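A closer look at the structure
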Amino acid sequence: ALIEERSAVTVCGYPLSIFFIVVNEFCERFSYYGMRAVLVLYFKYFLKWDDDFATTIYHTFVALCYLTPILGAIIADSWLGKFKTIIYLSIVYAAGQIVLAVSAIHDITDTNKDGVPDNMTFHVMPSVYEKQRSTFFSIFYLSINAGSLLSTIITPILRAQQCGIHTKQQCYPLAFGVPAALMVVALIVFIVGSGMYNKTAPQGNILVKVCKCVGFAIKNRFRHRDSRFPKREHWMDWAEEKYDKLLIAQVKMVLKVLFLFIPLPMFWALFDQQGSRWTLQATTMDGNFGVFVVQPDQMQTVNPILILVLVPVMDSIVYPLISKCNLNFSPLKRMTVGMFLAALAFVAAALVQLQIDVSLFKYYVNLNVPALFTLPISSDLFVLIFRVKFMILDEATSQTCVYEQTLKFGSSFTLLIPPTLTLGQMCQGIVEVTDINPNSVHMAWLIPQYFLITAGEVVFSVTGLEFSYSQAPSNMKAVLQAGWLLTVAVGNIIVLIVAEAATLPDQWAEYILFASLLILVCIIFAIMAYFYTYIDPVQIEAQFSQPEDEKKRKSLEMTKKDSIEKRKHSDSNSLYQTKM
């Protein structure tokens, strides 16, 4: 009674419990996307992993993030219930974030105080779980987008700060610590509102039920593989011995949609490289926009910003115009266009990479200068422009001079100090050799590829889910959601396989490889879509529910008829006994 009374409280027309869930989701999304935004840079510049290995581990993590919700849903529906599952896995989630933040403190294992961790085994990325999320309220979507957008802007700024006890480095502990703190806040907020939630007991998971039905059909078909057994219209019909025809019909509809999901992982293989390859690409570019400087990992914010712009544009302008032109732009055709746009995005990324490779060409100059010693200096930590000062001391005469050098984004120089150096205020005589030119390709050139990939996402992802739900029964949405998450996970697995297996010498060639693979998959998907027949799940379900109703009606009629016959027989016997 207390729970019902508290749940009845509303704020601005919404149940009070909604606001606890919204705050929880905002903090959780901030935590996840904030950590994910700087993850690949943490791997490369803190753990000193190469680009391929950093990309592999990053996409392994993302793949697990999309696989574990399926496991979480099964645990929630079959064992613990949704509330307890969210609480327990959130504790694991928060613990993982805290461990990651603490392990990013380089002073912990930097015993020789040189700024490099001596024991890399401690700095290991823990596995975390990502909660299953409801999709019923628009305000809920707003909290997700707001959390991800703000975190992608703020976390790279925190990462760019200098912190440390012995040596000052980029502050990964702060970049990971803030998301970890917000995940703890998300957990506390969710627990505080526990009395207002409608907690239902586990009633079994539909995904498990569907898998059992499919498994029984396959097993039963294998048992009756002999030619003397009559064939059935569909292989799922071999489950009729154990499961009712309505469930079998629903599974058939779901399998028909899941079959179309087979080519989809290739799209996600390209899409999720925004956080890995494209972020690494941005580290080799000039982020000075005049008024402000964009960090490489902040370029990921272009995607959510463009989503907020393109979704209403597509729904209000593009799709209505296509409809007025009497063009049949069906959902599957939209998805095909989305895949093609993603492929074009990687072609654009390859073109930008070619320009970057030219601007980063290394050259060496032999000056034949007898040097007392050489001093290599470089700017590889995303600092746009800064000045460094070197004090040179002649121990014999105690004379000193200060040499100033301006380092630009991505540049590398070697200073040759000859024995004939004239000590004075300007340190005249030092020869500056450019090893790597400053980055000359501007980050603004990344915007076209982000625009193409985001347009592809809007056309592909939103349409894909809408199509899936329209072609399957309402009670099977969880199965389709699991299938959709599985395509994202498999897409990330494809990236890590290519990153490890491909032996392409140039990054632009890898971009072209991914674009070519997606074009090939796009053609296959277009052929599959051409032969797909749209269905109405409600009508199909009605065909199986009507016979049941008819059967019940006939059963009632037979019962009534038997009752009348018995009554007549009884009356006849009574009359016979009276006459006797």
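Taking an unreviewed UniProt entry as the reference, the protein chain is identified by name as Solute carrier family 15 member 1 belonging to Periophthalmus magnuspinnatus. The UniProt entry for the protein chain carries this comment under Sequence similarities (unreviewed entry): "Belongs to the major facilitator superfamily. Proton-dependent oligopeptide transporter (POT/PTR) (TC 2.A.17) family."

**Focus on the overall build of the protein chain**
The secondary structure content of the protein chain amounts to 16 helices and 9 strands. Residues classed as buried in the protein chain amount to 45% of the 580 residues present. For the protein chain, the proportion of contacts with a sequence separation of at least 24, taken over those separated by at least 6, is 77%. By element, 64% of the accessible surface of the protein chain is carried by carbon and sulfur atoms, the whole surface being about 30300 Å².

**Let's talk about the packing of aromatic side chains**
In the structure shown here, the tally under the stated rule is 31 aromatic pairs. Where W268 meets F271, the ring centres are 5.5 Å apart and the plane angle is 90 degrees; that geometry is what we call edge-to-face. Highlighted residues: W268 and F271, both in helix α9 (residues 265–271), separated by 3 residues, approximately one helical turn. In terms of burial, W268 and F271 fall into one category: buried. One aromatic cluster in this structure is built from Y42, F43, F46, W49, F53, Y172 and F176. The ring of W238 has R232 lying over it, and the distance from NZ or CZ to the ring centre is 4.1 Å. The residue whose ring lies beneath K256 is Y532, and the NZ or CZ to ring-centre distance is 4.7 Å.

**Concerning the state of the cysteines**
Here the structure, examined in full by the defined rule, presents 1 disulfide. Between the sulfur atoms of C163 and its disulfide partner C171 the distance amounts to 2.1 Å. Between C163 and C171, the S-S dihedral sits near 105 degrees, and the bridge is therefore right-handed.

**Some details on the environment of Q161**
Inspection of the secondary structure assignment puts Q161 in the loop between α5 (138–160) and β3 (162–163). In sequence terms Q161 and Y172 are 11 residues apart; their C-alpha atoms lie 8.6 Å from each other. Setting aside residues no more than four positions away along its own chain, Q161 makes contact with Q169, Q170 and C171.

**A short note on the pattern of salt bridges**
Opposite charge on two side chains allows them to pair when their charged atoms are near. In the structure shown here, the tally under the stated rule is 10 salt bridges. When the shortest N-O distance is used, the salt bridge between K44 and D51 registers 3.0 Å. What emerges from the salt-bridge pattern is a single network uniting E25, E28 and R29.

**Quick notes on the nonpolar core**
Y42 and F176 are the most contacted members of the largest nonpolar core, which totals 110 residues. Looking at which domains feed residues into this core, each of domain 1 (9–201) and domain 2 (206–243) supplies at least three. Excluding residues within four positions of it along the chain, F176 makes contact with M35, V38, L39, Y42, Q97, L100, A101 and A104.

**Things to note about the packing of helix α4 (residues 82–103) against helix α6 (residues 172–192)**
One way to put it is that α4 packs onto α6 with a least axis distance of 8 Å and a crossing angle of 160 degrees. When the interaxial angle is binned, α4 and α6 end up roughly antiparallel. In terms of crossing hand, the pair formed by α4 and α6 is left-handed. Where α4 approaches α6, its residues F83, I86, I87, S90, I91, Y93, A94, Q97, I98, L100 and A101 are matched on the opposing element by P173, F176, G177, P179, A180, M183, V184, L187, F190 and I191. Split by residue class, the contact of α4 with α6 holds 18 nonpolar, 3 polar and no charged.

Criteria and cut-off values
- Residues numbered from 1 in each chain as written.
- Predicted model: local features only at pLDDT ≥ 70, side-chain atom pairs only at ≥ 80, totals over all residues.
- Heavy atoms only, no water.
- UniProt positions renumbered as here; feature names shortened; annotations may be inferred.
- Helix = DSSP H or I, 4+ residues; strand = E, 2+ residues; numbered from the N terminus.
- Buried < 20%, exposed > 50% of the residue type's maximum accessible area, 1.4 Å probe, protein only.
- Contact = heavy atoms within 4.5 Å.
- Areas by Shrake-Rupley, 256 points an atom, 1.4 Å probe, with all protein chains shown as cover.
- Phe/Tyr/Trp six-rings, centres within 6.5 Å; stacked < 30°, edge-to-face > 60°.
- Lys NZ or Arg CZ within 6 Å of the ring centre and 35° of its normal.
- Disulfide = S-S within 2.5 Å.
- Salt bridge = Lys/Arg side-chain N within 4 Å of Asp/Glu carboxyl O.
- Core = buried A, V, L, I, M, F, W, Y, C linked by side-chain atoms within 4.5 Å.
- Domains from an automatic or database assignment.
- Axes fitted to C-alpha atoms, helices over the stretch in contact; angles between N-to-C directions.
- Parallel < 35°, antiparallel > 145°, perpendicular 65-115°, else oblique.
- Left-handed = near helix turned anticlockwise from the far one by under 90°.
- Nonpolar A, V, L, I, M, F, W, Y, C, P; charged D, E, K, R; others polar.

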